[in-house]
Each structure stands twice: as structure tokens, then as C-alpha cells.
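# Commentary on secondary and tertiary structure
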Amino acid sequence: MSPSSGAIAQEAEAENTVEAPTQDEAFRTWLDEVRTEALERGIKAETLDQVLPHITPIERVITRDRNQPEIKQPYQAYITARVSDWRKNKGAVMMTEHSETLKAAADKYGVQERFIASIWGIETNYGTVPLSYSVFDAVATLAYDKRRAARFRRELFAALEILDQGYAPYEDMKGSWAGAMGQPQFMPEAYLKFAVDHDGDGVRDIWNNKVDVFASIANYLKSYGWDSGKTWGRKVKLPKGGEQTLQAAQETGLEPARWCAAYKTLGVWRNLQEWQELGVRRITGKDLPERSIPAALVVADEGDDEGYLVYSNFCSIMRYNPSFKYALAVGLLSDAIK
């Protein structure tokens, strides 16, 4: 969900060392403007007094924002780092250890347990990665920066609302370098929309309560069209030259599912049997399933005549983090731990 949420578990040691932030007069003037707008939005002055005087920009956040692994790393390197033997083995243990809690979330929201656990694993190593950044420092830094100022200004006001409404105490407002919060790494806006109090204790606790963590992840995916009758997709073998010849514009094929239409770079959607006729096979060389399922082709790293046929649930994962690499990693880890 964060702009580089899947990366934080690989860089846990670096996350624990937050350098002394810098301040300047222009930033303090900008924060004064934030205060004025926050008051107009109904945020209490006491909340702003608690937060704004202590917000400081962090230079390292800007550096991390310019070097996200979803952009910089090749597919295979990205996936290998995230679908590691440790994550696969630990995930299998977590699936057993938390089977009842995962099943309760899965049953209510219609999202298979393995996908909930996979996102949990990739985001924070199954809740074990320390979250050391102040959410307010992180989102304010990115809101002040010009690259994505409007988006992170919204996140800053959402974070203030979370504190102002008493949804989480100030000391719990910790997250990643981009301000993604808690074990599922929800951005503040996503918390307000999708975090749930699954156990009915009056708190939507995505930091410490696995009941709420699992249900919140499931609620997020379900809100973006998750279909419990399908998986995410599969790795496939392509015919010689298929990396180039099989790709086409979205408009030339089947109409994609609602949540997939926005991802034009997924290209053409074809029925599995049409992909079969075009020479695409399971990675083992066997025929594709005979089910009638629309699928799009992700080629990934070119040159190996391999790719991935992805289904509509892949787009739901993309809503969590809009990266093909991230969604593939979630899908492949879910296959390994099921």
C-alpha cells in the first residue's frame, strides 16, 4: 500500500537508524499554512499543538522516494528478495499458528487466507519489522517535497484526523519511510477507509492486534473487487518470440474487469483458451487450465521466453501497491505458503 511498502522488510536494519532531520524557515512557514487548513478542516487546536511543533523533515525520506526498488530492481531480483526461503518457511508456520484468526477474516470478507498472510509477510515480515519513523515526519516531508506534494498533503491531514479522532495514540503513529502504518502498512487515508475493528473492542488496531490486521487486509482487497473463486494468476512458458508477438493494446481484446481497466500497461486481456491457442503453456509445459478466465500477460524480464498470466485478483493486489513486481511477489508467496 505504501509507495514502496514491500521493500521495508528487506531494509529493516536501515529503518532503525533515522538520521537527525533538518529544519528551515520555509518549512516552518509551510507548517503554519498546514495548521490553518487543518483548523478549517475541523482538526482540534490541541491535536495540532501536540504534533506540528515536533514535525521535522527527513532528508533520507526523499532519497528513498527517488530510489524505490519497485522501479530500480529487475523483476527476478525483486521477486527473489521477497519470496525468500525464510518468508516461505515462516509463512507456512504463520498460516498454521494463526489459522483460526486468518479463517475468520477470510470467511467474512471472501479473501483466501494465504493472500492475507502473503501481504502481511511481504509488508512487515509477518509483523516482525520495527517501524521507526514518525508517520507525521514522513508524510510531511513528502508533502513538502514537490514530486507528490498533493497526494502526501492529503495523507498528512488523514494522519492528523486519526489522532484527532482518537483512533490511535500519538506514540503508535509509527511507520515506514513513506508513512505506511502498522503491520499491514496502510497509508493514513487507507486506514480511514479500510481498517476495521474485527474483534469489536472499539479500536482499529493495525499495529498490535492481528485480528484487526488480517481483517483490514482482507477488507482492503475485497473493496477492490477480490474474487474468492479465483487465484492471482500463474507463471507460464511462452512460444519463441512470444515476448514481443503476444503483447497488444488493452482495446484489442476482452473488456477487463472494473478494477483492471485503469492498468493500461497490462495490455490485452484474452481468455485462457485463446492464450492456449497462441502457444502459451504452464511453466511445466502442460496445457493451461480449461476454465474460461480472462487473463493478461506480464512478460517481466525479457529474454527467457517466460511470463505470467494474471487474473482480475492481480489488479486488486495492485490497488494495495501499484507495481507489477509487488503483485507478482504477493501471488508467488501465496502459492508457496498455501
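Since the model is a prediction, treat every value here as computed from it, not as a measurement.

Moving on to the packing of aromatic side chains. In this structure the tally under the stated criterion is 19 aromatic pairs. Measuring from centroid to centroid gives 5.1 Å for Tyr224 and Trp259, while their planes differ by 85°, and the two rings are edge-to-face. In this pair, Tyr224 is assigned in the loop between α13 (210-223) and β3 (233-237) and Trp259 in the loop between α14 (242-245) and β4 (269-271), connecting sequence segments 35 residues apart. In textbook terms, an aromatic cluster arises when at least three aromatic residues are bridged by ring pairs, as seen for Phe186, Phe194, Tyr220, Tyr224, Trp259 and Tyr320. A cation over a ring is seen here: Arg204 above Tyr167, with NZ or CZ 4.7 Å from the ring centre. Note that Arg270 overlies the ring of Trp275, its terminal NZ or CZ placed 4.7 Å from the centroid.

Counting residues in each nonpolar core, the largest one holds 91 residues, and the members touching the most others are Leu266 and Phe314. Here this core gets 8 residues from one element, more than from any other, and that element is helix α17 (residues 324-337). Contacts of Phe314, omitting those with residues within four sequence positions, involve Trp232, Leu266, Val298, Phe324, Ala327 and Leu328. Counting 14 residues, the second largest nonpolar core, distinct from the first, contains Val236, Leu288, Ile293 and Val299.

In total, this model carries 1 disulfide according to the counting rule given. Paired by a disulfide, Cys260 and Cys315 hold their sulfur atoms 2.1 Å apart. Taking the torsion about the sulfur-sulfur bond, which here is approximately 110°, the covalent link between Cys260 and Cys315 counts as right-handed. One end of the pair, Cys260, is in the loop between α14 and β4; the other, Cys315, is in helix α16 (residues 312-320), with 55 residues separating them in the sequence. Exposure remark for Cys315: the relative accessible area of 0% places this residue in the buried category.

Let us look at α13. Residues lying three or four places apart along an α-helix face the same way, a consequence of the helix completing one turn every 3.6 residues. Given a rise of 1.5 Å per residue, 14 residues ought to cover 20 Å, and the 20 Å separating the end C-alpha atoms of α13 matches this to within 8%. Across the 14 residues of α13, 10 count as buried, placing the element largely inside the fold. Taken together, the buried positions of α13 are occupied by Asp212, Val213, Phe214, Ala215, Ser216, Ile217, Ala218, Asn219, Tyr220 and Leu221. Residues of α13 that are buried in the fold lie against α8 (99-109), α9 (113-124), α12 (188-194) and α16. Of the residues that open α13, the one with a side-chain oxygen 3.0 Å from the backbone nitrogen of Val211 is Asn209.

Bringing the pattern of salt bridges into the picture now. Scanning the entire structure with this criterion turns up 18 salt bridges. Here Asp145 and Arg66 are joined by a salt bridge, their closest N and O atoms 3.1 Å apart. Of the two residues, Asp145 is situated in the loop between α10 (135-144) and α11 (149-164) and Arg66 in the loop between α4 (59-65) and α5 (69-72); the sequence distance between them amounts to 79 residues. Among the salt bridges present, the one from Lys240 reaches Asp305, with a minimum N-O distance of 3.6 Å. Residue Lys240 is located in the loop between β3 and α14, and its partner Asp305 is located in the loop between β6 (294-298) and β7 (306-310); the two are separated by 65 residues in the primary sequence. With relative accessibility at 17%, the residue Asp305 sits in the buried group.

Thresholds, definitions, all that
- Residues numbered from 1 in each chain as written.
- Predicted model: local features only at pLDDT ≥ 70, side-chain atom pairs only at ≥ 80, totals over all residues.
- Heavy atoms only, no water.
- Phe/Tyr/Trp six-rings, centres within 6.5 Å; stacked < 30°, edge-to-face > 60°.
- Helix = DSSP H or I, 4+ residues; strand = E, 2+ residues; numbered from the N terminus.
- Lys NZ or Arg CZ within 6 Å of the ring centre and 35° of its normal.
- Core = buried A, V, L, I, M, F, W, Y, C linked by side-chain atoms within 4.5 Å.
- Buried < 20%, exposed > 50% of the residue type's maximum accessible area, 1.4 Å probe, protein only.
- Contact = heavy atoms within 4.5 Å.
- Disulfide = S-S within 2.5 Å.
- Expected span 1.5 Å × (residues − 1).
- Polar contact = N/O pair within 3.5 Å; in protein donor to acceptor, adjacent residues only side chain to side chain.
- Salt bridge = Lys/Arg side-chain N within 4 Å of Asp/Glu carboxyl O.

What is shown is where atoms sit, not what they do.
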